[in-house]
Amino acid sequence: MNGIVWKSTGSWYKTKGTDGRYYQCRARGKLKLKGIKTTNPVAVGDHVEFIIDEKGEEGQGIITSIGERKNYIIRKSVQKAAYGHILASNIDQLVIMITINKPRTSQGFIDRLLINSESFRIPALLVFNKIDLWSDEERDEMKALSSMYSKLGYDSLFISALTGEGVEDFHQSLARKVSMIAGHSGVGKSTLVNKLSPEIGQQVKEISDFSLKGKHTTTFAEMFELGSDAFLIDTPGIKELGIIDMEDWEISHYFPEMRKFLGSCKFNNCLHLHEPGCVVVEAVERGEIHVSRYLSYLSMLGGEDNRR
Ligand code: GDP
Ligand code: ZN
């Protein structure tokens, strides 16, 4: 039978079959996909083929193959250097949840996620939460950040998961899509989902609380349906993302504001550092490329968080 993976716990995969039922599946021994080294062979969002396990309990299955992934969002593995951990696959939209404090979301974190989504041309939506707590200065800072991203093609929503402001707009942005939501622990993911569905919100909270227990616990993503064909994949609170499986020369291709300059630098292997005749650096100096984005770019180069 064909199915989609809704939840992973490391060795069991909750899979929804085309018959509309859920099966608890294990993966057949050799399922390695070519290319990337990952700590999880099967990811939430994967389209799989499975057989009903005759020897197992009712509703159990064995995944025999994974369909080619349209795209995926990957982070560096916490446990194993040089390995990636696929957060989710086959998504239509990446939702990045951002708060200015408690916790503060760094721009580096946002940009690393955006690099991931850009590499597959997955649209991204920035959701600024806890607007009810903002001072005037904080509001200005977040408005400026959102306006910078808007020029790059990323839309924003300003919401308060607590008061409900903007939550309906958020719900509408999920319609007829599979979205993956990511953010640090404490940004308000459970509170937000709880506003839309108290029952699902409680389950999201369990994922979130679990991921707070420490960096050595392995936590996993889970897919939920929030009506009107809106599928939301919740991921455990992420502290740091890391960049994996990307060559230095490739990274600038995933900065939309740099893309138009690529190929015009004097050297065709230009990494846009100190090379003479670099049109990217010139654009930074002219203010056409935001300095903070260029600094994000630099921090991703040379394996600063890559391959460490
Ligand atoms: P999660 O780890 O992302 O699931 O975060 P939670 O939903 O558990 O929220 C963390 C804390 O932030 C809780 O105390 C929430 O009540 C609070 N919180 C979430 N959203 C908002 C908001 O919009 N405004 C305010 N003031 N607090 C919020
Ligand atoms: Zn250059």
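The coordinates are above.
Computed from a prediction, not measured in an experiment: that's the story for all the values here. Note on numbering: residues in each chain are counted from 1, in written sequence order. As they are written, the chains are lettered A onward and the ligands numbered 1 onward, keeping that order. Local features in this predicted model are restricted to residues of pLDDT 70 or higher, and side-chain atom pairs are both shown and tallied only at a pLDDT of 80 or more, whereas totals for entire chains, interfaces and linings draw on every residue. Heavy atoms throughout the structure, all of them, feed into the side-chain values; hydrogens and water do not.

Q: How should the overall build of the protein chain be read in this particular structure?
A: Working definition: helices are DSSP H or I runs of at least four residues, strands are E runs of at least two. Numbering for both runs from the N terminus. Counting secondary structure elements, the protein chain contains 9 helices and 13 strands. The globule rule is 2.2 Å times the number of residues to the power 0.38, and the radius of gyration it is compared with is taken over C-alpha atoms. Here the protein chain has a C-alpha radius of gyration of 20 Å; the compact-globule value for 308 residues is 19 Å, and the two agree. In terms of overall dimensions, the protein chain has C-alpha extents of about 65 × 45 × 35 Å along its principal axes. What makes two residues a contact is simply this: any of their non-hydrogen atoms within 4.5 Å. Counting only contacts in the protein chain whose residues sit at least 6 apart along the sequence, the fraction spanning at least 24 positions is 65%. Within the structure as shown, the protein chain displays about 15100 Å² of accessible surface, and the carbon and sulfur contribution to it stands at 51%. Counting rule for charge: Lys and Arg are taken as positive, Asp and Glu as negative, and neither His nor the chain ends is counted. A charged residue contributes its charge at one atom only: NZ of Lys, CZ of Arg, CG of Asp or CD of Glu. A gap of 5 Å separates the mean positions of the 39 positive and 40 negative side-chain charges of the protein chain. In this description, accessible areas are obtained by the Shrake-Rupley approach with a 1.4 Å probe, and a residue is regarded as covered only by the protein chains that are shown.

Q: Before we go on, may I ask you to explain the packing of aromatic side chains in this structure?
A: Both the distance between ring centres and the angle between the ring planes are used here to describe each pair of aromatic rings. When the centres of two rings from Phe, Tyr and Trp lie within 6.5 Å, Trp using its six-membered ring, the rings pair. Their planes under 30 degrees apart give stacked, over 60 give edge-to-face, and anything left gives tilted. All told, the structure shown has 9 aromatic pairs when counted by the stated rule. Ring geometry for tryptophan 6 against phenylalanine 231: centres 5.9 Å apart, planes inclined by 85 degrees, an arrangement best described as edge-to-face. Highlighted residues: tryptophan 6 in strand E1 (residues 2–8) and phenylalanine 231 in strand E13 (residues 230–234), separated in sequence by 225 residues. Residue class for tryptophan 6 comes out buried when judged on its relative accessible area of 7%. Only protein chains enter the calculation, and the probe is 1.4 Å; a residue is then buried if its accessible area is under 20% of its type maximum, exposed if over 50%, and partly exposed in between.

Q: How do you make sense of helix H2 (residues 136–151) when you look at a structure like this?
A: Residues spaced three or four apart along an α-helix face the same direction, because each turn holds 3.6 residues. Helix length check: H2 (16 residues) gives 23 Å between terminal C-alpha atoms against 22 Å at 1.5 Å per residue, within 8%. If you check which residues of H2 are buried, you get Glu138, Met142, Leu145, Ser146, Met148 and Tyr149. In an axial view of H2, the angular spread of the buried residues amounts to 155 degrees, which keeps them on one side of the axis. With respect to the buried face of H2, the exposed residues turned more than 90 degrees away are Asp136, Glu137, Asp140 and Lys151. Elements in contact with the buried residues of H2: helix H1 (107–118), strand E9 (124–128), strand E10 (155–158) and helix H9 (291–300). Looking one or two places after H2, you find glycine 153, whose phi comes out positive at around 100 degrees. Helix span, expected: 1.5 Å multiplied by one less than the number of residues in the helix. It is the directions from the helix axis to the C-beta atoms whose arc is reported.

Q: How should I be thinking about the coordination of the zinc ion (ligand 2) in this particular structure?
A: In a perfect tetrahedron of four donors around a metal, the angles come out at 109.5 degrees. In a perfect octahedron of six, they are 90 or 180 degrees. In this description, a donor is an N, O or S atom within 2.8 Å of the metal centre, a cutoff extended to 3.2 Å for sodium, potassium and calcium. Water is not part of the atom list, which can make sites seem incomplete. For the zinc ion (ligand 2), the protein coordination sphere consists of Cys265 (SG), Cys270 (SG), His272 (ND1) and Cys278 (SG), at 2.1 to 2.4 Å. Summarised as a motif, the one-chain spacing of the donors to the zinc ion (ligand 2) is C-x4-C-x1-H-x5-C.

Q: Sorry if this is basic, but what is going on with the side chain of serine 117 here?
A: Looking at the element boundaries, serine 117 is found in helix H1. In contact with serine 117, other than residues within four places in its own chain, are Ile73, Leu94, Ile122 and Ala124.

Q: Looking at this model, I keep getting lost on the pairing of strand E11 (residues 177–182). Mind explaining?
A: The buried count for E11 comes to 5 of 6 residues, which makes it a mostly enclosed element. Relative to E11, strand E8 (residues 93–98) is paired through 4 bridges, and the arrangement is parallel. Looking at the pairing, glutamine 93 lines up with serine 179 of E11. Across 5 bridges, E11 lies against E13 in parallel orientation. The criterion for strand pairing is that DSSP finds at least two bridges linking the strands in question.

Q: Before we go on, may I ask you to explain the packing of H1 against H2 in this structure?
A: Each pair of packed helices can be described by the angle between their axes along with the distance between the axes. Where H1 meets H2, the axes come as close as 13 Å, and the angle between the chain directions of the two elements is 20 degrees. With respect to each other, H1 and H2 are oriented roughly parallel. At the point where H1 passes H2, the crossing takes the right-handed sense. The residues of H2 that touch H1, namely those facing Gln107, Ile110, Asp111 and Leu114, are Leu145, Met148 and Tyr149. In the scheme used here, Gly and all other residues not listed as nonpolar or charged are polar, with Ala, Val, Leu, Ile, Met, Phe, Trp, Tyr, Cys and Pro taken as nonpolar and Asp, Glu, Lys and Arg as charged. Grouping the amino acids of the contact of H1 with H2 by side-chain chemistry returns 5 nonpolar, 1 polar and 1 charged. Convention adopted: a line fitted to C-alpha atoms gives each axis, helices being fitted over their contacting stretch, and angles between N-to-C directions are expressed from 0 to 180 degrees. Any angle from 65 to 115 degrees is called roughly perpendicular, while one under 35 is roughly parallel, one over 145 is roughly antiparallel, and all others are oblique. It is the rotation of the near helix from the far one that decides the hand of a crossing: anticlockwise by less than a right angle makes it left-handed, clockwise makes it right-handed.

Q: Would you explain the packing of H1 against H9 in this entry?
A: It is the contact of H1 with H9, at a shortest axis distance of 10 Å, that shows an interaxial angle of 70 degrees. With respect to H9, the axis of H1 lies roughly perpendicular. Residues Gln107, Gly108, Asp111, Arg112, Leu114 and Ile115 of H1 form the contact with H9, whose participating residues are Ser292, Arg293, Ser296, Ser299 and Met300. Across the contact of H1 with H9, the residue classes tally to 3 nonpolar, 5 polar and 3 charged.

Q: Could you clarify how one ought to interpret the side chain of serine 299 in this entry?
A: Inspection of the secondary structure assignment puts serine 299 in helix H9. Between N or O atoms, a polar contact is any pair within 3.5 Å; within protein, one atom must be a potential hydrogen donor and the other a potential acceptor, and residues adjacent in sequence are included only when both atoms are from side chains. Within the structure, the side chain of serine 299 is placed 2.8 Å from the backbone oxygen of serine 296, a separation counted as a polar contact.

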